[in-house]
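What the coordinates show
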Amino acid sequence: MMKRALVTGVTGQDGSYLAELLLNEGYEVYGMVRRLSWENYERIAAIRDAITLLEADLLDEYSLLTVIEKVEPDELYNLAAQSYVPTSFDQPVLTAQFNALGVTKLLEAIRRVKPDTRFYQASTSEMFGKVREVPQRETTPFHPRSPYGVAKVYGYYITVNYRESYGLHASNGILFNHESPRRGLKFVTRKITDAVARIKHGLARELRLGNLDARRDWGFAGDSARAMWLMLQQDQPDDYVIAMGETHSVRDFCEIAFAHVGLNYEDYVVVDPHFYRPAEVDLLLGDPGKARTRLGWVPEVSFADLVTMMVDADMRRVADERPLVGGYV
Ligand code: NAP
Ligand code: GDD
């Protein structure tokens with residue numbers, strides 16, 4: 001019999017890659033979506049007919065119970081979240097309701113309806129925040145620096161707690177930043193690659209950014225999705241850091257992205273304090289040793305290839321957007 005997987009956040013970057021992977025692995029795939037006034041299924045357009053979408057919301061525990069009753073999933077991947085760190089400073093309560101209490105609601109629904117469901121929680125390197133050691137690994141203490149990070153720490157520990165209290169097969173993936181051509185346009189990598197394409201096509205003159213010295217351990221979202229799936233294939237639930245094991249600054253990202261189309265980032269990037277954060281995460285660098293050893297997880301896309309993949313995709317997209325007539329350079 002085909003295994004059934006339920007993915008929350010299926011319309012997001014990671015959800016779309018994970019749904020594709022699960023289909024390729026022969027799963028019956030269900031995606032949880034919230035009701036919006038306008039459907040936002042662009043990222044899952046290619047697989048829309050191959051998956052089943054069900055409406056529910058992390059804020060509404062009854063809708064979660066109903067979805068789990070309907071699907072009776074073998075595996076549930078909780079990717080839904082308010083995922084943008086600056087918004088968490090503006091909407092700290094809503095962020096906690098989605099990213100902290102939402103996890104409890106899902107775990108409780110699983111416990112009541114189908115306790116043998118394997119559960120994946122999308123935890124994050126943002127929990128390390130003001131880092132206590134370098135590189136960060138599964139045993140590194142947390143020190144979150146945003147309402148987003150704080151809420152995710154709760155989500156992490158409630159997952160551990162349901163594993164320890166009720167024996168649920170519940171695992172945390174502590175994922176470091178991962179990007180792709182499907183990344184939301186506000187996140188720094190995509191903001192840069194979109195701007196590079198617009199500048200190259202003569203549609204923009206500058207790119208305004210905040211802290212160019214922040215360092216992240218950036219990988220490819222498709223590689224991250226494979227790690228999530230591998231975690232739920234293990235006999236025992238556990239928590240894993242998923243990272244590339246290398247760190248780069250926002251400035252490094254700019255340099256490679258602009259150079260890829262023959263431009264010098266220093267001619268276009270303007271530092272704008274508007275994009276600084278009330279508290280910053282200066283340096284993230286993960287140690288993926290446990291995932292490599294226990295899961296056999298090895299990323300396939302390098303940092304440099306990720307940057308050029310994103311720039312190339314935005315160059316094509318922006319070119320297609322150009323009107324047939326007009327005065328672009
Ligand atoms: P994303 O592109 O922002 O997608 C978030 C998804 O959550 C969207 O499908 C969104 O639905 C859904 N969602 C938000 N609030 C919801 C609610 N109340 N009820 C139901 N669905 C809701 O994020 P992502 O980059 O794919 O990240 C996936 C998960 O991994 C998130 O939990 C994020 O915090 C975590 N994470 C991401 C990274 C990373 O670098 N990407 C690293 C570590 C952890 P709509 O389409 O309707 O908005
Ligand atoms: N978004 C943004 N916009 N970030 C900027 C900008 C800008 O104009 N200029 C500099 N940055 C810096 C931020 O200050 C931050 O240090 C870094 O670029 C990365 O910012 P984001 O791309 O917004 O990602 P993030 O690291 O805050 O959060 C992402 O990764 C987390 C995992 O560590 C998100 O995907 C989170 O959901 C995820 O948990």
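About the criteria used
Residues numbered from 1 in each chain as written. Chains lettered and ligands numbered in written order. Predicted model: local features only at pLDDT ≥ 70, side-chain atom pairs only at ≥ 80, totals over all residues. Heavy atoms only, no water. Domains from an automatic or database assignment. Contact = heavy atoms within 4.5 Å. Buried area = accessible area lost by both parts, 1.4 Å probe. Salt bridge = Lys/Arg side-chain N within 4 Å of Asp/Glu carboxyl O. Polar contact = N/O pair within 3.5 Å; in protein donor to acceptor, adjacent residues only side chain to side chain. Helix = DSSP H or I, 4+ residues; strand = E, 2+ residues; numbered from the N terminus. Expected span 1.5 Å × (residues − 1). Buried < 20%, exposed > 50% of the residue type's maximum accessible area, 1.4 Å probe, protein only. Near = heavy atom within 4 Å. Areas by Shrake-Rupley, 256 points an atom, 1.4 Å probe, with all protein chains shown as cover.

What about the domain arrangement of the protein chain?
According to the domain assignment, the protein chain contains domain 1 (4-179 + 219-242) and domain 2 (188-216 + 247-283 + 301-321). The centre of domain 1, based on its C-alpha atoms, is set 27 Å off from the matching centre of domain 2. Counting residues at the interface gives 14 residues for domain 1 and twelve residues for domain 2. Together domain 1 and domain 2 conceal approximately 1200 Å² of surface at their shared face, both sides included; 62% is due to carbon and sulfur atoms. A per-residue breakdown of the area domain 1 buries against domain 2 is headed by R145, E179 and F220, which together make up 40% of the total. Here E126 and R216 are joined by a salt bridge, their closest N and O atoms 3.9 Å apart. Linking domain 1 with domain 2 are three residue pairs in polar contact (both at pLDDT 80 or more), by the criterion used here. Only α3 (85-90) and β10 (219-220) provide two or more residues apiece to the side of domain 1 that touches domain 2.

Section: helix α10 (residues 303-321)
Each full turn of the α-helix corresponds to 3.6 residues, which orients residues three or four apart in the same direction. Relative to the 27 Å expected for 19 residues at 1.5 Å per residue, α10 spans 27 Å between its end C-alpha atoms, a close match to the ideal helical length. In this structure, the buried residues of α10 make contact with β7 (178-179), α6 (188-200), β10, β12 (248-249) and α8 (250-260).

Quick word on helix α1 (residues 13-24)
An ideal rise of 1.5 Å per residue puts 16 Å on twelve residues; α1 measures up with 17 Å between its terminal C-alpha atoms. Extensive coverage of α1 is indicated by the burial of nine of its twelve residues. Every buried residue of α1 is listed here: Q13, D14, G15, S16, Y17, L18, A19, L21 and L22. Where α1 is buried, its residues touch β1 (4-8), β2 (28-33), β4 (75-78), β7, β10 and α7 (221-232). The positive-phi residue at the C-terminal boundary of α1 is G26, with phi of around 90 degrees.

A word on the site of ligand 1
The environment of ligand 1 is formed by 27 residues, the closest being T11, D14, N40, S83 and Y148. For ligand 1, an oxygen atom lies 2.6 Å from a polar atom in the side chain of T11. With respect to ligand 1, the backbone of L79 contributes an N or O atom lying 3.0 Å from an oxygen atom. When the free accessible area of ligand 1 is taken as 900 Å², the share hidden by the protein chains comes to 91%. In terms of residue count, strand β5 (residues 118-124) provides more of the shell around ligand 1 than any other element does, three residues in total.

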